Amino acid sequence: MSAAPPDNDVLWARGIVKSHHGTPALRGVSLGVREGEMLAVTGPRGSGKSTLLGCLSAQLPVDEGEVWFHSAPVHTLGRAGREKLRRERFGYVGPEPHLVPELTARENVALPLLLAGAGHRAAYRAAGEWLERLDVADCAKLRPADLQQDRRQRIAVARALAAEPPVVFADDPTAPLHRDAREQVLRILASAARSHGLTLVLATHDPALARFADRTVHLVDGRIAPEPAAAVAAGH
Ligand SMILES: Nc1ncnc2c1ncn2[C@@H]1O[C@H](COP(=O)(O)OP(=O)(O)OP(=O)(O)O)[C@@H](O)[C@H]1O
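This is a predicted model, so every value here is computed, not measured.

For the rest of this paragraph, the subject is the side chain of Lys18. With respect to the secondary-structure elements, Lys18 resides in strand 1 (residues 9-20). Note on Lys18: relative accessible area 9%, which makes it buried. Within the structure, Lys18 has its side chain in polar contact with the backbone oxygen of Pro61 (distance 2.8 Å).

Core analysis: the biggest nonpolar cluster contains 44 residues, and Val109, Trp130, Leu131, Ile155 and Leu161 have the highest contact counts within it. Of all elements in the fold, only strand 3 (38-42), helix 3 (105-115), helix 4 (120-133), helix 5 (149-162), strand 7 (167-171), helix 6 (179-195), strand 8 (199-203) and helix 7 (207-210) reach the threshold of two or more residues within this core. Sorting elements by how many residues they give to this core places helix 6 first, with eight residues. Those residues in contact with Leu161 that lie beyond four places of it in its chain are Trp130, Val168, Leu189, Ala192 and Leu198. Within the second largest apolar cluster, 27 residues are counted, among which are Leu26, Ala58, Val74 and Val167.

Within an α-helix, residues lying three or four positions from one another point in the same direction, as the helix has 3.6 residues per turn. For helix 5, built from 14 residues, the straight-helix expectation of 20 Å at 1.5 Å per residue is met to within 8% by its first-to-last C-alpha distance of 20 Å. Counting buried residues along helix 5, 11 of its 14 residues qualify, which places the element largely inside the surrounding structure. Listed in full, the buried residues belonging to helix 5 are Asp150, Gln153, Arg154, Ile155, Ala156, Val157, Ala158, Arg159, Ala160, Leu161 and Ala162. For helix 5, the elements touching its buried residues are strand 6 (90-93), helix 3, helix 4, strand 7 and helix 6.

Now for unusual backbone geometry. Located in the positive-phi region is His21, a residue other than glycine, with phi close to 45°. Along the chain, His21 falls in the loop between strand 1 and strand 2 (23-34). Classification of His21 as exposed rests on a relative accessible area of 86%. Even without being glycine, Asp221 reaches a positive phi, approximately 55°.

Next up on the list: the site of the ligand. Around the ligand lies a shell formed by His20, His21, Thr23, Ala25, Pro44, Arg45, Gly46, Ser47, Gly48, Lys49, Ser50 and Thr51. Between an oxygen atom of the ligand and a main-chain N or O atom of Gly48, the distance comes to 3.0 Å. Contact with the protein chains covers 62% of the free accessible surface of the ligand, which is 630 Å². Considering every element that reaches the shell around the ligand, the biggest residue donor is helix 1 (residues 49-56), with three residues. Grouping the constituent residues of the shell around the ligand by class yields two nonpolar, eight polar and two charged.

Here we come to the pattern of salt bridges. Within this structure, the stated rule accounts for 11 salt bridges. For Arg154, the salt bridge is made with Asp150, and the minimal N-O distance between the two is 3.2 Å. Remark: Asp150 and Arg154 occur in helix 5; sequence separation between them is four residues, near one turn of the helix. For Arg154, a relative accessible area of 6% puts it in the buried group. Close ionic contact of Asp214 with Arg194 constitutes a salt bridge, the shortest N to O distance being 2.8 Å. Residue Asp214 is located in the loop between helix 7 and strand 9 (215-220), and its partner Arg194 is located in helix 6; the two are separated by 20 residues in the primary sequence. On the basis of relative accessibility, which here comes to 45%, the residue Arg194 falls in the partly exposed class. Via salt bridges that share partners, Arg34, Glu37 and Arg215 belong to a single interconnected network.

As a further point, take the packing of helix 3 against helix 4. Closest axis-to-axis distance for the helix 3/helix 4 pair is 8 Å, and the angle between their directions is 125°. With respect to helix 4, the axis of helix 3 lies oblique. The two elements helix 3 and helix 4 meet at a crossing, and its hand is right-handed. Where helix 3 abuts helix 4, its residues Ala105, Arg106, Glu107, Val109, Ala110, Leu113 and Leu114 lie against His120, Ala123, Tyr124, Ala126, Ala127, Gly128, Trp130 and Leu131. The residue inventory of the contact of helix 3 with helix 4, partitioned by class, reads 11 nonpolar, two polar and two charged.

About the thresholds
Residues numbered from 1 in each chain as written. Predicted model: local features only at pLDDT ≥ 70, side-chain atom pairs only at ≥ 80, totals over all residues. Heavy atoms only, no water. Helix = DSSP H or I, 4+ residues; strand = E, 2+ residues; numbered from the N terminus. Buried < 20%, exposed > 50% of the residue type's maximum accessible area, 1.4 Å probe, protein only. Polar contact = N/O pair within 3.5 Å; in protein donor to acceptor, adjacent residues only side chain to side chain. Core = buried A, V, L, I, M, F, W, Y, C linked by side-chain atoms within 4.5 Å. Contact = heavy atoms within 4.5 Å. Expected span 1.5 Å × (residues − 1). Near = heavy atom within 4 Å. Areas by Shrake-Rupley, 256 points an atom, 1.4 Å probe, with all protein chains shown as cover. Nonpolar A, V, L, I, M, F, W, Y, C, P; charged D, E, K, R; others polar. Salt bridge = Lys/Arg side-chain N within 4 Å of Asp/Glu carboxyl O. Axes fitted to C-alpha atoms, helices over the stretch in contact; angles between N-to-C directions. Parallel < 35°, antiparallel > 145°, perpendicular 65-115°, else oblique. Left-handed = near helix turned anticlockwise from the far one by under 90°.

These figures come from the coordinates and say nothing about function on their own.
Here is the structure:
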């Protein structure tokens, strides 16, 4: 039986091991994420970034090791417990904008608020505000199929932030965006997280995007490695 994590860590992991059908993805990862912190997880393709976010965000059960959210163990939860935790406490945006195709942009963004019990009017007002922040207010009444990938991803970011969950996981969230839009969307994500006191865990293979973060952990081959030389030289 191990000790509980430190009080000021919103997420805490120790010795996470995770394989996908026998392919090792994480080989013993330990880290803590402080409340309100923006943590970047960098590393080359296949280094385990998505798997780490999956384990921390209760999408994937770990094979070995521990994951804690505040003082509650996540690694001992079953599927239903993990789903409840994700629905109630975490926001997630992935590299593909998975929106509900039958719903308009505004309905998609309002959905997590409605699921959390917000009133219809308040949920729609908040959804409209988040669409404005993400520069896609003009898409409010359109359905995903009528929108370009770039716009859909902005809506997915708005949806992840709308219910202001304590922790937002962003796995390569700028992947579908044009180069000049990447920085803008990341800036919005970072400033929204900061102004609302959210904790943000961002996976990216682009070290340039990691500079928005307070701290970076670098994964190589499923393990945390020393910081990349470029980031150290740049003083990050
Ligand atoms: N569903 C899966 N089935 C089999 N192997 C997988 C699966 N998902 C990931 N892997 C393997 O696990 C390892 C880590 O993958 P992961 O996607 O976590 O890395 P990543 O750093 O996020 O990569 P990328 O930058 O390409 O998204 C890789 O070897 C990958 O091929």
